[in-house]
Amino acid sequence: MSVIEAVRWSPEGDAVRLIDQRRLPGEYVERDVRTCEDVCEAIRTLTVRGAPAIGICGAMGVVTALAGDVDTPAGVFRARLREVAARIREARPTAVNLAWAIDRVLGVAAIAIAAERSNSELLTALRREATAILDEDRAMCEAIGSAGAPLLAENARVLTHCNAGALATGGIGTALAPIYRATRDGRRVLVYADETRPLLQGSRLTAWELSRAGVPVTVIADNMAASLMGLGAIDLVIVGADRIAANGDVANKIGTYGVAILAHHHGIPFYVAAPSSTIDPSTPTGREIIIEQRGREEMVQLAGTPSAPPDVAVCNPAFDVTPAKLVTAFVTDRGMILPPYDFREGWDERMG
């Protein structure tokens, strides 16, 4: 089973190497980004996507964007650090991992600055922290896979939405991690992948990486999920998350809420797989989550061909919010978390 690396250091360590996900599945292209502008552009345009992968890219991008400023005066270098971190942090607002990762490198920077480290030493500390974020994400993906794999019996039929696999993380994914782990353990799992309009992350990305890894996958249009559930063809749903509020409400790719409602109606378990870093205790409920609004061109054309009148109004939210009451359980690197959900400050300590 071959699983790809969506985000990593370039061999020379002077760039963030990304799989350009805009080009899949037709063309496999790797792209190196170095400057603050290039990192922000890669995040905004979905060259790199998926909450964990965006966070990793952001942390690494702070390092590569500062490399050319290491010989400037300390005050200038630190001002540049704050500027770069702020710009990358704001590249996409909904996924919590980007802000979380940037805040982690800024925390390391504050310690190095307080210790009066040189610019070079400060940059080395930032690189070490960014690498740790990548390594920890890989380990978290494996832990999620271990926690979720027991949910998948032999010949389990799983529905997933969007892409929460290796392309969305530094490791084997979140929602797809239990599938990869079960497959590695010798069990056959059949995946149904919603195409996920309007950018088709399910058909373009999930189907591509699963088929590449030898996992049986069937693409369906988003509006086919209800029929399959009604026919008894789906055993469980596993999706990822971009932000989990303190009460357990989940922001994920637009269309997830509808899938959750369908699963609830048909009595099908609906699992959310996510690293603990996606849980945001500072956001009380899903109502406070900022939902990114994307451009109209994504809605009015398909592969360059117009799919709607040129002057039609467009609504294009990138995410929706699924209420906690529709979530059967969270599959995390800390194990399975069952309702009632309480992710207020200190939730992880209360877990023991």
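Here's what I pulled together on the structure shown here. From a predicted model like this one, the values you see are computed outputs, not experimental measurements.

So, the pairing of strand E7 (residues 236-239)
- Side chains Leu236 and Ile238 of E7 all project onto a buried face; the interleaved residues Val237 and Val239 project onto the opposite face, where all are buried too.
- As paired strands, strand E4 (residues 156-160) and E7 are joined by two bridges and run parallel to one another. Bridge pairing in E7 places Leu159 opposite Val237.
- Here E7 pairs with strand E10 (residues 270-273) via three bridges, running parallel. In the strand pairing of E10, Val239 is matched with Val272.

Things to note about the environment of Phe270
- Secondary-structure assignment places Phe270 in strand E10.
- A residue is classified by how much of its surface remains accessible, and Phe270, at 1% relative accessible area, is buried.
- For the pair Phe270 and Thr160, spaced 110 residues apart in sequence, the C-alpha to C-alpha distance is 9.8 Å.
- Not counting residues up to four positions away in its chain, the partners in contact with Phe270 are Val237, Val239, Thr256, Val259, Ala260, Ala263, Thr322, Leu326, Val327, Thr328 and Ala329.

Some words on unusual backbone geometry
- The peptide bond linking Arg197 to Pro198 adopts the cis configuration, its omega dihedral lying at 5°.
- Along the chain, Pro198 falls in the loop between strand E5 (189-194) and helix H7 (201-212).
- In this structure, the amide linkage connecting Pro339 to the following residue, Pro340, adopts the cis form with an omega of 0°.
- Among the secondary structure elements, Pro340 is positioned in the loop between strand E15 (335-337) and helix H11 (347-351).
- The backbone phi angle of Leu46 is positive, close to 70°, even though this residue is not glycine.
- Counting through the fold element by element, Leu46 comes out in the loop between helix H1 (36-44) and helix H2 (51-66).
- Although it is not a glycine, Asn155 sits at a positive phi angle of roughly 65°.
- Relative to the assigned elements, Asn155 resides in the loop between helix H5 (119-148) and E4.

Thoughts on the pairing of strand E14 (residues 329-332)
- Taking every second residue as pointing to the same face, both faces of E14 are buried, with Ala329 and Val331 on one and Phe330 and Thr332 on the other.
- The sheet contact formed by E10 and E14 spans three bridges and is parallel. Counted as the bridge partner of Tyr271 is Ala329 from E14.
- Bridge count between E14 and E15: three bridges; the pairing is antiparallel. Among the inter-strand pairings, Phe330 is bridged to a residue of E15, identified as Ile337.
- What sits between the antiparallel neighbours E14 and E15 is a turn of two residues.

With respect to the pattern of salt bridges
- Enumeration according to the criterion identifies 24 salt bridges in this entry.
- Between Arg87 and Glu37 there is a salt bridge, with its nearest N and O atoms 3.2 Å apart. One end of the pair, Arg87, is in helix H3 (residues 74-89); the other, Glu37, is in helix H1, with 50 residues separating them in the sequence.
- A relative accessible area of 40% means that Glu37 is categorised as partly exposed.
- For Glu298, the salt bridge identified is with Arg294, shortest N-O distance 2.7 Å.
- Judged by relative accessible area, which is 12%, Glu298 ranks as buried.
- Each member of the salt-bridge network shares a partner with another, and the members are Glu37, Asp69, Arg80, Glu83 and Arg87.

With respect to the side chain of Gln21
- Following the sequence through the fold, Gln21 ends up in the loop between strand E2 (16-19) and strand E3 (30-33).
- A distance of 2.9 Å separates the side chain of Gln21 from the side chain of Arg49, its partner in a polar contact.
- Excluding anything up to four places from it in sequence, Gln21 contacts Ala6, Leu46, Thr47, Val48, Arg49, Leu167, Arg204 and Leu205.

Quick notes on the rules
- Residues numbered from 1 in each chain as written.
- Predicted model: local features only at pLDDT ≥ 70, side-chain atom pairs only at ≥ 80, totals over all residues.
- Heavy atoms only, no water.
- Buried < 20%, exposed > 50% of the residue type's maximum accessible area, 1.4 Å probe, protein only.
- Helix = DSSP H or I, 4+ residues; strand = E, 2+ residues; numbered from the N terminus.
- Pairing = 2+ DSSP bridges.
- Contact = heavy atoms within 4.5 Å.
- Salt bridge = Lys/Arg side-chain N within 4 Å of Asp/Glu carboxyl O.
- Polar contact = N/O pair within 3.5 Å; in protein donor to acceptor, adjacent residues only side chain to side chain.

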